[in-house]
Amino acid sequence: MTLGFRLVLKRELKRMVSRPVYALMMVLMPLGFLLFFTTLMPQGLPERLSIGVVDHDQSSLSRKIIRQFDATQQTRIVEQYPDFTKARMDVQKGHIHGFVELPKDLMKDVTNGLQPNIHFYYDQSYLIPGSLTLKNISYMLSTISGGAELQVRQAKGQRTEDAMAQILPISPEIHPIGNPWINYSVYLIQVLLPGLLQLMVLLVTVYTIGIELKKKRSLKWYRSSGQNLFKALIGKLLPYTIGFSIMGIFYNMVLFEWMHYPLNQPIHWMFLNTCLLIVSAQAMAIFLIELFPTLPVALSFTGLYGVLAFSYSGLSFPIDGMPLAMQGLSFLFPLRGYYYIYQSLALNGLPVESILSDYAIQLAYLFMPLLLHKRLKKAIIYMNTPIR
Amino acid sequence: MKFTNIKQAIFDAVEITVDEWRHVFKDSGVVLVFFAACIIYPILYGFIYYNEFYRDIPIAVVNQSPSSASRTLVRKIDATPELKMRYKVNSMAEAKTLYDENKVKGIVYIPNSFNSDIAAGKQTTIFGYCNMSGMMYYKGFYSGVQFACLDMNQQIKMNAPNINSLSTKQIEATTRPIIGVGHGLYNPTGGFPSFLMPAVLVLILQQTLVLGIGMLAGTAREENAEHHLIPSLKRYHRIQRVVWGKALAYLILYLFLGVYDLVFIPHIFKLPHLVSLWELLPFLLPYLLASIFFGMALSVFWWNREMPLLIFLCTSVPLLFISGFSWPTSHIHPFWQMVGMFFPSTFGINGFLQLNSQGATLTQIGPKIVALWIQAGFYFVFTWFAYNWQIQKSLKINSNAAPRVRG
C-alpha cells in the first residue's frame with residue numbers, strides 16, 4: 001500500500017482492535033460513567049432530609065410546630081433529643097443534618113407577644129444538605145410565624161389577602177433561568193460527563209502517540225506516513241476522533257432526547273459542541289506530549305491537567321470569582337469553552353449567532369500542537385527519549 | 001532460632017523497603033504522581049478556590065415604579081454582599097440583552113404597581129431571574145433578594161399607620177411572632193472551598209498511591225523476563241515480608257505527605273482544621289494502609305505501567321461523588337452505596353470531614369476507622385494470595401525451563 005495517510009490509518013485500526021485497552025477506554029468506561037451518573041442520584045434534590053428537634057416547651061404549640069415540620073416534603077423529624085448536646089452529637093455522627101431547638105415558655109411568650117427566638121442549627125460541613133436544611137427550616141419557621149400571625153388577624157375578622165399584604169407586603173418570586181426544577185444532577189452531569197470524556201480523549205491520545213515512542217516504533221509510524229508529521233498524526237488519531245465523537249453524540253442523545261434535560265436549541269448544536277471538545281482535547285494532548293515526549297511523564301502530567309479541567313470549567317465555582325492569576329490559566333482548558341457554549345445553548349437559549357464566536361475559539365486549540373511540533377518530530381525520528 | 005528468624009525478617013523487610021524507595025525515586029513518572037500531585041496540586045487548588053465566596057454577583061434591575069419605595073428596595077438589594085447592581089434599565093428587553101451578553105448573571109424586575117400596592121395595603125410581587133449555570137449564583141441571588149425583601153418588609157410594617165397605638169415592640173411582636181435564628185454548624189464560613197478541599201485532599205492521597213504503586217508494579221512486570229510480578233529468583237523466603245516491606249516503604253513516604261496534605265495545607269489556606277496531629281494519625285494510618293493494600297491488590301491487574309494511569313485515574317471524579325460528600329449518602333442509589341464501600345476513599349473522606357470540619361472525636365468516627373482496618377486487612381490478604389499465585393506460576397515456569405545441561 002502506498003505510503004501516506006491511508007497506511008497510517010490502517011495500521012492504527014489494526015492496533016486498536018488488537019488491544020483491549022482501547023475498547024475499554026472508548027466504549028466500556030464511557031458507558032459505565034454514563035450509567036453511573038445517570039443512576040447515582042435518583043432524585044433531583046434530596047428530599048425528606050433528616051432533622052431533629054429539641055423540645056424544651058412541650059406545649060400544644062411546640063407539638064404543632066413539630067407536626068408541621070414532619071408533614072412537609074422537605075424535612076423529616078427522625079428523633080427528638082433531650083438537649084442541645086445530644087442533638088449536636090448526632091449531627092457529628094451524620095445521623096441528622098440539623099435540628100431545631102424550641103425554647104422553654106415558647107407558647108407563653110408567643111401568646112404574650114414577647115417574640116421568642118427559635119434557634120435552629122444546620123450542618124455546613126456538607127454543603128448541599130446543609131444549605132437545603134437551612135433553606136427549608138427557615139422557610140418553615142417563617143411560614144409558621146406568618147401562619148400564626150394570619151390566624152390572629154383572621155380571628156379579628158381581616159380578609160386573607162389583606163392579612164397577607166400586611167404580613168408579607170413584598171413577596172419575591174425567584175425564577176431560575178434554564179434549570180426550572182433546580183435539579184442538581186442536571187447541573188452536575190452536564191460538566192462531569194463531558195469532562196470525563198475529555199479526560200479519556202486526552203489520555204488515549206497521549207498513550208497512542210507515546211506508546212510508539214516507548215516501543216521504538218515511532219520511526220516506522222513516521223515512515224509509513226511518507227515522512228509527514230501532519231499526515232502521521234491525523235491518520236493515527238482519526239479513528240479516535242470518530243469513536244469518541246460517536247460516544248459523545250450518544251451521551252447527548254441519552255441526556256437530551258431520552259431523559260429530557262433542558263435544551264433550548266436544536267440538538268445538532270450540542271453535537272457540534274461535543275465534537276469540538278473532542279478535537280480540541282486531542283490537540284491539547286498532542287501539545288502535552290510534545291512538551292514531554294516520554295510516555296509515563298506525559299501520561300501523568302496529562303492526567304493531572306485533565307482533572308484540573310473540572311475545576312476550570314466554571315461548574316462548581318465561577319471562574320470570575322477566582323483570584324486573577326488563576327483566571328488566566330482557564331484559557332488552557334477547552335472544557336471551559338464547552339461549558340459556556342452549553343449554558344448558552346441549553347439553559348439560556350441564546351440565539352446561535354451570538355455564540356458562533358465561542359465555537360470558533362474552540363477551534364483555536366487546534367493550533368496548539370504547532371508550537372512544539374519540531375520537538376515531537378525529533379523524538380519520533382531519533383527515538384532517544386528515555387523510557388523512564 | 002526464632003529470634004534469628006525475626007531478625008532476618010526485619011532485615012529483609014528493611015532491605016525491601018529501601019529497595020522500593022530506590023525504585024520510586026528512579027522512576028520519574030512515579031515521582032511526578034506521588035510528589036507533584038500530592039504537593040503541588042493542593043496548592044494549585046488552594047489558589048483556585050482562594051475566595052471562599054462569590055460576592056457581588058452582577059445584576060440588572062428593571063425598576064418600573066418611579067417611587068422612593070422602589071428605590072429604597074433597589075438600594076437594599078445593592079447593599080447586600082451577594083449582589084451588585086451593575087445596570088439600571090427601563091425594560092425587560094434591555095435586561096435580557098445584558099444577560100445574553102453575559103454582562104449580568106441575574107435580573108430583578110420591579111413592576112409598575114409596586115408603590116401603589118404598598119400604599120393601598122395590597123401584597124405586591126417582585127420578580128427575580130437567575131442564572132442557573134452555577135449553584136453559587138442561585139444561592140447568592142436567592143439570599144440577597146430574600147434578605148433585602150425581608151428588611152424592606154419589616155420597615156413597611158413598622159411604618160404602617162399605627163391605628164391601635166401599639167408600642168414599637170408590640171408592633172414587632174404581632175408582625176413577627178416567632179423569630180427563627182439560624183446557626184451554621186462547622187465550616188463557619190460556609191464557603192465552597194472549605195467544603196470541597198478537605199474531600200479532595202483525602203482523595204488525592206488514595207489516588208496517587210494506587211496510581212504510583214500500579215505504575216511501579218507495571219514496570220516490574222514489563223522489565224521482568226517472565227513478565228511476572230515478583231522475580232522469583234530473589235531470595236526472599238516469605239511473601240509477607242515482600243508485601244510488608246513494600247507497604248512500609250509507601251507508608252513512611254505517605255505519612256509525611258499525608259500530614260502535609262491534611263494538616264499543613266488546611267492550615268495555610270485557612271480551611272477548617274479542627275483535628276490535631278495526634279488525633280489524625282490513628283485515622284490516617286488505617287486509611288493509608290487500606291489505600292496501599294488496595295493499590296497493591298489492584299496492581300496484579302496491570303500488565304504494563306500505563307494501564308493504571310489510563311484506567312484508574314478516570315475513576316477519581318466518580319469516587320468523589322460516591323463518597324457522599326456533596327450528595328448525601330442516604331440519597332445515593334443503594335447499588336452505588338455498596339460499590340462505594342470497596343474504596344477506602346469513601347470512609348476516608350467522610351471520616352476526615354467529620355474529624356476536621358465537624359470536630360468529631362475518634363470514638364465518634366469509630367465505625368469508619370474500623371471499616372478502614374477491615375479494608376486494609378481484606379486487601380492485604382488479597383495481595384498475599386495474588387503474589388503467592390504469581391510466584392507459584394513463575395516457579396513452575398522456571399522449573400520447566402531450567403536448562404538441564406548434560407555432557
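Residues numbered from 1 in each chain as written. Chains lettered and ligands numbered in written order. Predicted model: local features only at pLDDT ≥ 70, side-chain atom pairs only at ≥ 80, totals over all residues. Heavy atoms only, no water.

Draft legend 1. Representation of the overall build of chain A within the structure. For chain A, the count of helices and strands is 16 helices and 5 strands. For 388 residues, the compact-globule estimate of 2.2 N^0.38 gives 21 Å, and chain A exceeds it by more than 25% at 29 Å. For chain A, the C-alpha atoms occupy an extent of roughly 95 × 45 × 40 Å along the three principal directions. Burial status across chain A gives 59% buried among its 388 residues. Within chain A, counting contacts between residues at least 6 apart in sequence, those at least 24 apart form 76% of the total. Surface summary for chain A: the accessible area is close to 16100 Å², and the carbon and sulfur share equals 63%. Treating the 34 positive side-chain charges of chain A as one cloud and the 22 negative ones as another, the clouds have centres 24 Å apart. (Helix = DSSP H or I, 4+ residues; strand = E, 2+ residues; numbered from the N terminus. Rg over C-alpha atoms; globule rule 2.2 N^0.38 Å. Buried < 20%, exposed > 50% of the residue type's maximum accessible area, 1.4 Å probe, protein only. Contact = heavy atoms within 4.5 Å. Areas by Shrake-Rupley, 256 points an atom, 1.4 Å probe, with all protein chains shown as cover. Lys, Arg positive; Asp, Glu negative; His and termini not counted. Charge placed at Lys NZ, Arg CZ, Asp CG, Glu CD.)

Draft legend 2. Inspection of the nonpolar core at higher detail. If you look at the biggest cluster of nonpolar residues, it comprises 182 residues, and the most contacted ones within it are Met25, Phe37 and Phe244 of chain A together with Phe34, Tyr254, Phe293 and Phe321 of chain B. The greatest single-element share of this core, amounting to 20 residues, is contributed by helix α8 (residues 184-214) of chain A. Ignoring any residue separated from it by four or fewer positions in sequence, one finds Phe293 of chain B in contact with Val243, Trp244, Ala247, Ala376, Tyr379, Phe380 and Thr383 of chain B. With 25 residues, the next largest nonpolar core counts Val74, Ile77, Leu83 and Ile110 of chain B among its residues. (Core = buried A, V, L, I, M, F, W, Y, C linked by side-chain atoms within 4.5 Å.)

Draft legend 3. Region of interest: the interface of chain B and chain A. Taken residue by residue, the interface counts 110 residues in chain B and 113 residues in chain A. Between chain B and chain A, roughly 10100 Å² of surface is buried when both sides are summed, and carbon and sulfur atoms account for 66% of that area. The salt bridge partner of Glu306 of chain B is Lys214 of chain A, with a shortest N-O separation of 2.8 Å. One can count 7 residue pairs in polar contact (both at pLDDT 80 or more) joining chain B with chain A. Among the elements that line the side of chain B that touches chain A, the one with the most residues is helix α6 (residues 135-159) of chain B, at 14 residues. Its residues assigned to classes, the side of chain B that touches chain A shows 57 nonpolar, 37 polar and 16 charged. Where strand β4 (residues 117-123) of chain A lies against strand β5 (residues 179-185) of chain B, 7 bridges are found, and the strand directions are parallel. From the neighbouring strand, Ile118 of chain A faces β5 of chain B, where its bridge partner is Gly180 of chain B. (Buried area = accessible area lost by both parts, 1.4 Å probe. Salt bridge = Lys/Arg side-chain N within 4 Å of Asp/Glu carboxyl O. Polar contact = N/O pair within 3.5 Å; in protein donor to acceptor, adjacent residues only side chain to side chain. Nonpolar A, V, L, I, M, F, W, Y, C, P; charged D, E, K, R; others polar. Pairing = 2+ DSSP bridges.)

Draft legend 4. Focus on the pattern of salt bridges. Residue and element names in this part refer to chain A. In the structure shown here, the tally under the stated rule is 10 salt bridges over all chains. Between Lys236 and Glu12 there is a salt bridge, with its nearest N and O atoms 2.7 Å apart. Note that Lys236 is positioned in helix α10 (residues 229-258) and Glu12 in helix α1 (residues 5-18), a separation of 224 residues in sequence. According to the relative accessible area criterion, Lys236 is buried, its value standing at 0%. The exposure class assigned to Glu12 is buried, which follows from its relative accessible area of 0%. Counted as one network, the salt bridges with shared partners bring together Arg11, Glu12, Arg15, Glu212, Arg217 and Lys236.

Draft legend 5. Quick peek at the environment of Gly210 of chain A. Residues and elements named next belong to chain A. Within the secondary structure, Gly210 is located in helix α8. For Gly210 and Leu299, which are 89 residues apart along the polypeptide, the C-alpha to C-alpha distance reads 8.5 Å. Once residues within four sequence positions are removed from consideration, Gly210 is found in contact with Ile289 and Leu295.

Draft legend 6. Inspection of the environment of Glu15 of chain B at higher detail. Note on placement: Glu15 of chain B falls in helix α1 (residues 2-26). For the pair Glu15 of chain B and Met136 of chain B, spaced 121 residues apart in sequence, the C-alpha to C-alpha distance is 53 Å.

Draft legend 7. Molecular detail of the sheet that holds strand β5 (residues 170-177) of chain A. Ordered in space as β5(A)-β4(B)-β3(B)-β1(B)-β2(B), the 5 strands form an open sheet in which the pairing is mixed. Both outer strands of the open sheet, β5 of chain A together with β2 (83-89) of chain B, are each paired with one neighbouring strand and no more. The sheet shows a mean angle of 25 degrees between the axes of neighbouring strands, direction not considered. As defined by bridge partners, β5 of chain A adjoins strand β4 (residues 124-131) of chain B across 8 bridges and the pair is classed as parallel. Bridging from a neighbouring strand, His175 of chain A pairs with Tyr129 of chain B of β4 of chain B. (Axes fitted to C-alpha atoms, helices over the stretch in contact; angles between N-to-C directions.)

Draft legend 8. Structural context of the pairing of strand β1 (residues 57-63) of chain B. Residue and element names in this part refer to chain B. Counting buried positions along β1 gives 6 out of 7 residues, so the element sits mostly inside the fold. Where β1 lies against β2, 6 bridges are found, and the strand directions are parallel. The residue bridging Ile57 from the neighbouring strand is Leu83, located in β2. Crossover handedness for the path β1 to helix α3 (residues 68-79) to β2: right-handed. Sheet topology places β1 next to strand β3 (residues 106-110); 5 bridges connect them, and they run parallel. By the bridge assignment, Ala60 is partnered in β3 with Ile107. (Right-handed = clockwise from strand over helix to strand, strands pointing away.)

Draft legend 9. Main features of the confidence of the model for chain B. Residue and element names in this part refer to chain B. Per-chain confidence: chain B averages 81 in pLDDT, with 86% of residues scoring 70 or above. When mean pLDDT is taken per element in chain B, helix α10 (residues 277-299) scores highest with 91 and helix α7 (residues 168-175) scores lowest with 65. Here residues 225-229 scores under 50 on pLDDT; set against residues more than four positions off or in separate chains, the count is 16 contacts. For this predicted complex, the interface score ipTM comes out at 0.81, alongside a pTM of 0.83. (pLDDT = per-residue confidence, 0-100.)

Draft legend 10. Inspection of helix α4 (residues 92-100) of chain B at higher detail. Along α4 of chain B, the positions that sit buried rather than exposed are Ala95, Leu98 and Tyr99 of chain B. Mapping the buried residues of α4 of chain B onto a view down its axis gives an arc of 100 degrees, with all of them on the same face. For α4 of chain B, the elements touching its buried residues are β5 of chain A together with β1, β2, β3 and β4 of chain B. Once α4 of chain B finishes, Asn102 of chain B follows within two positions and takes phi at roughly 65 degrees, a positive value. (Arc of directions from axis to C-beta.)

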